[in-house]
Amino acid sequence: QVQLLESGGGLAQAGGSLRLSCAAPTTIVSINNMGWYRQAPGNERELVAEITSGGNSNYADSVKGRFSISRDNAKNTVYLQMNSLKPEDTAVYYCYARARVVLTTTYRAYWGQGTQVTVSS
């Protein structure tokens, strides 16, 4: 099963920063959009930020001005820099990529296993 590999979650204080990273395995040979979703207990999974292969990005209103998404196409890696963290940012963060794996012609969504981000007040 193809899965993206996330790292960088953890515990931060309100006002602090964390940086998430997500790398696609070598079986993925082409990626369109990459991004991050999050899911807090009792809530639905929501889009946090996404970025196209050309570098265009969009953000949830709740994180605009605080979070920044970037990607390294050569490494098939996407990053999420989270600044000015708030307790309401506490959630499991999931990386995704709309991608094609080797020996296929179809693009579909692939996900990471999730990484916990906890922000204390």
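Relevant structure appears above.
Reading the values: rules and limits
- Residues numbered from 1 in each chain as written.
- Predicted model: local features only at pLDDT ≥ 70, side-chain atom pairs only at ≥ 80, totals over all residues.
- Heavy atoms only, no water.
- Salt bridge = Lys/Arg side-chain N within 4 Å of Asp/Glu carboxyl O.
- Buried < 20%, exposed > 50% of the residue type's maximum accessible area, 1.4 Å probe, protein only.
- Helix = DSSP H or I, 4+ residues; strand = E, 2+ residues; numbered from the N terminus.
- Pairing = 2+ DSSP bridges.

## What about the pattern of salt bridges?
Line of reasoning, step 1. Following the criterion strictly, the structure yields four salt bridges and no others.
Line of reasoning, step 2. The residue Arg38 makes a salt bridge to Glu46 at a minimum N-O spacing of 2.7 Å.
Line of reasoning, step 3. Since its relative accessible area comes to 34%, Glu46 is described here as partly exposed.
Line of reasoning, step 4. The salt bridge involving Asp89 is made with Arg38; its shortest N-O contact spans 3.0 Å. You can see Asp89 sitting in the loop between strand S8 (77-82) and strand S9 (91-101) and its partner Arg38 sitting in strand S4 (residues 28-39), a full 51 residues away along the chain. Each member of the pair, Asp89 together with Arg38, is buried.
Line of reasoning, step 5. Linked by salt bridges that have partners in common, Arg38, Glu46, Arg66 and Asp89 make up one network.

## Remarks on the pairing of strand S7 (residues 67-72)
Side-chain direction in a regular strand flips from residue to residue, so the side chains alternate between the two faces of the sheet.
Line of reasoning, step 1. Only one face of S7 is covered, namely the face carrying Phe67, Ile69 and Arg71; the face carrying Ser68, Ser70 and Asp72 is uncovered.
Line of reasoning, step 2. Examined bridge by bridge, S7 and S8 share six bridges and lie antiparallel to one another. The residue of S8 that forms the bridge with Ile69 is Leu80.
Line of reasoning, step 3. Taken together, S7 and the strand that follows it, S8, pair antiparallel across an intervening segment of four residues, in which Asn76 is found at a positive phi of about 50 degrees.

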